[in-house]
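For reference, the chains in residue letters:
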Amino acid sequence: MNSLVDQIVSLNEDAAPRGRLLDRVRPGRRLVAAVIAGVLTFSVVYGLAASLNLTSDSLGAATTTVAACQAGTLNATYTSTYSAAAPGYTVGTVTVTGLAATCYSKAYKVTLSGAAGASLGEATGTTPSSGTSFAAAFAPAVSAASVTAINVVISG
Amino acid sequence: MSLARRAVPPIGLVLGGVLIASAASLGLSSDTLGAGSTATPRCTSASLSILQNLSAGTVISVTVATLPATCGGGTLQVAVNNGIATGSGSAVIPAGGGAVTVTLGSAPARRVTDQVDLVVVGP
């Protein structure tokens, strides 16, 4: 029993004065402790980084304006011809006037439609490189009595 | 720390941001595209009066009456088909409408059943 009490007394006598905890740790042990702390810290960080596997498809985005080739109004006129086979008057040609130079040499499509917007016939072609009009020919010709609307698109 | 050293990280962040934005953008251009639709109007929806004018058993002309002023300036085309032959012609409708007689280019024979078709183009 006395030996235990002696050891405690001895430890108290050898101890450094009260101060910071690290001051009471020998330098060699401080280095070891620092190394261990670093390993633990970076292990956690490394573990977090390794837990995310990430790939990505390509992604690109852009926006641009789709503009019409002219702002001026186009006007459609009809050429009707009697067809004994129909029988009745049919529209074989639609002439579009008011074409501006900015719409030259571009693809066009003219559609004549009837009840409920159903297409009765379609004519395609390329606008001329000069002048202010172009003629869209329908083959076969479309029944004039059935035409209720005309639709034109110019692109290019 | 010198001013130059302190400025390096922000500059790096800005450059990095620009590079990322550039990588995500695509070059894009567009052809022109214009489309339009409009109704094809009728100058009238009222009934018209049609009279075939005969001469020696043939239809030589057709008179279309009760044409409204809204059809004025339009071109009236008329065709008579008796099942064997067809005669057709056209005339301009007066500005005030009214009656228009269209002379047929060839006079088809008058038969028990024939068909008269007409169309107004314009105005």
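See the structure above.
Everything numeric in this text was worked out from a predicted model, so none of it was measured. (Residues numbered from 1 in each chain as written. Chains lettered and ligands numbered in written order. Predicted model: local features only at pLDDT ≥ 70, side-chain atom pairs only at ≥ 80, totals over all residues.)

S.K.: Looking at this structure, I do not really get the overall build of chain B. What am I missing?
M.R.: Check the secondary structure of chain B and you find one helix and seven strands. Mapped from its N terminus to its C terminus, chain B presents α and β elements in the order α-β-β-β-β-β-β-β. In chain B, which comprises 123 residues, the share counted as buried stands at 20%. Intrachain contacts of chain B at a sequence separation of at least 6 include 58% that bridge at least 24 residues. (Helix = DSSP H or I, 4+ residues; strand = E, 2+ residues; numbered from the N terminus. Buried ≥ 20, exposed ≤ 12 C-beta atoms within 10 Å, placed from the backbone. Contact = placed C-beta atoms within 7 Å.)

S.K.: Where do I start with the overall build of chain A in this structure?
M.R.: Assigned secondary structure in chain A consists of two helices and six strands. Walking chain A from its N terminus toward its C terminus, one meets helices and strands in the order α-α-β-β-β-β-β-β. Looking at chain A residue by residue over its 156 residues, the buried ones come to 17%. Summarising the internal contacts of chain A: among those between residues at least 6 apart in sequence, 60% fall at separations of at least 24.

S.K.: Honestly, the interface of chain B and chain A in this entry has me stumped. Any pointers?
M.R.: It is common to give the size of an interface as the accessible area lost on bringing the parts into contact. Contacts between the two partners involve 26 residues from chain B and, on the opposite side, 30 residues from chain A. Elements supplying a minimum of two residues to the side of chain B that touches chain A: β1 (33-39), β4 (75-81), β5 (86-92) and β7 (115-121) of chain B. Of the residues belonging to the side of chain B that touches chain A, the class tally is nine nonpolar, 15 polar and two charged. The pairing of strand β6 (residues 149-155) of chain A with β1(B) spans seven bridges and is antiparallel. Following the sheet pairing, A:Ile154 is matched in β1(B) by B:Gly34. (Nonpolar A, V, L, I, M, F, W, Y, C, P; charged D, E, K, R; others polar. Pairing = 2+ DSSP bridges.)

S.K.: Just to check I follow, could you spell out the sheet that holds strand β2 (residues 88-97) of chain A for this structure?
M.R.: Where strands meet in a sheet, backbone hydrogen bonds hold them as pairs that are either parallel or antiparallel. Residues and elements named next belong to chain A. Spatial strand order, β1-β2-β5: three strands in an open sheet with antiparallel pairing. Whereas interior strands pair on both sides, the edge strands pair on one side only; in this sheet they are β1 (75-83) and β5 (133-143). Strand after strand, the sheet turns through a mean of 20 degrees between neighbouring axes, direction not considered. (Axes fitted to C-alpha atoms, helices over the stretch in contact; angles between N-to-C directions.)

S.K.: Just to check I follow, could you spell out the pairing of β2(A) for this structure?
M.R.: Consecutive residues of a regular strand have side chains that alternate between opposite faces of the sheet. Residues and elements named next belong to chain A. Looking at chain direction, β1 and β2 are connected through nine bridges and run antiparallel. Paired with Ser 83 across the bridge in β2 is Gly 88. The hairpin formed by β1 and β2 contains four residues between the paired strands. Pairing of β2 with β5 involves seven bridges; the strand directions are antiparallel. When the bridges of β5 are listed, Val 96 appears paired with Phe 134.

S.K.: What exactly am I supposed to notice about the sheet that holds β6(A) here?
M.R.: One open sheet accounts for four strands, arranged β4(A)-β3(A)-β6(A)-β1(B); its pairing is antiparallel. At either margin of the open sheet sits one strand with a lone partner, and together these are β4 (119-126) of chain A together with β1 of chain B. Between one strand axis and the next, the sheet turns through 10 degrees on average, direction left out of account.

S.K.: Looking at this structure, how should I read the environment of B:Gln115?
M.R.: One can find B:Gln115 in strand β7. For the pair B:Gln115 and B:Ser37, spaced 78 residues apart in sequence, the C-alpha separation works out to 33 Å. Residues contacting B:Gln115, with those up to four places away along its chain left out, are A:Pro87 and B:Asn81.

S.K.: Any chance you could explain the nonpolar core here in plain terms?
M.R.: Nonpolar side chains tend to gather and get buried jointly when the protein is soluble and globular. In this structure, A:Val91, A:Val94, A:Val96, B:Val64, B:Leu76 and B:Val78 are the most contacted members of the largest nonpolar core, which totals 36 residues. In contact with B:Leu76, other than residues within four places in its own chain, are B:Val64, B:Ser90, B:Ala91, B:Ile93, B:Val100, B:Val102, B:Leu118 and B:Val120. (Core = buried A, V, L, I, M, F, W, Y, C linked by C-beta atoms within 7 Å.)

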